[in-house]
Amino acid sequence: MTHEQMLDEIREANLTYLMLAQTLIRQDKAEAVFRLGINEESADLLASLSAAQVLKLASGNTLICRFRVDDDMVWNLLTSHNLPKKAGNEATNRLHANILMAGRVSEVL
C-alpha cells in the first residue's frame, strides 16, 4: 500500500465514522453517546455538522475515531486470547469486555 493509498483509506474511514456517528446521534442520542464513547457536547456538535463540514473534517490525514480498547484485559476478553479455559464462554467474555468499556464511557461523561 502506498502512502497516498493509506491517506485515502484514512479519509474514507473518517467519512464513514462521521456519517455513522451522525446517524446514530440523530436516531438515539443517549445510545450513540454510549456506543461511540463520546460526551454529550461532542454528540451535539457532530449532529449539527453540515455535509460540507463533515467532508472537510474527513479530509484530514489523521483518524478521527480511536479504539476504546486500551488494555490487555479487554483485548483478551474480546479475542479470547490468553484466557484460561475456565474463564467462561465467548458470550460471557464479550459481555465482561462491554461492561469494562461502558465504565470508561462514564469517565468521559
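Fair warning: this is a prediction, and the values are worked out from it, not measured in the lab. (Residues numbered from 1 in each chain as written. Predicted model: local features only at pLDDT ≥ 70, side-chain atom pairs only at ≥ 80, totals over all residues. Heavy atoms only, no water.)

**Student:** Any details on the packing of helix H1 (residues 3–27) against helix H2 (residues 29–36)? Residues and values, ideally.
**Tutor:** Their axes nearest at 6 Å, the elements H1 and H2 cross at an angle of 140 degrees. Relative to H2, H1 is oriented so that their crossing is right-handed. Residues Tyr17, Ala21, Leu24, Ile25 and Gln27 of H1 touch H2, and the partners they reach there are Lys29, Ala32 and Leu36. Of the residues in the contact of H1 with H2, the class split is six nonpolar, one polar and one charged. (Axes fitted to C-alpha atoms, helices over the stretch in contact; angles between N-to-C directions. Helix = DSSP H or I, 4+ residues; strand = E, 2+ residues; numbered from the N terminus. Left-handed = near helix turned anticlockwise from the far one by under 90°. Contact = heavy atoms within 4.5 Å. Nonpolar A, V, L, I, M, F, W, Y, C, P; charged D, E, K, R; others polar.)

**Student:** Go over the pattern of salt bridges with me, naming the residues and quoting the values.
**Tutor:** For the structure on display, the rule yields five salt bridges. The closest approach of N and O atoms between Glu40 and Lys29, which form a salt bridge, is 3.6 Å. With a gap of eleven residues between them, Glu40 in helix H3 (residues 40–48) and Lys29 in helix H2 connect regions that are remote in the sequence. For Lys29, a relative accessible area of 29% translates into the label partly exposed. (Salt bridge = Lys/Arg side-chain N within 4 Å of Asp/Glu carboxyl O. Buried < 20%, exposed > 50% of the residue type's maximum accessible area, 1.4 Å probe, protein only.)

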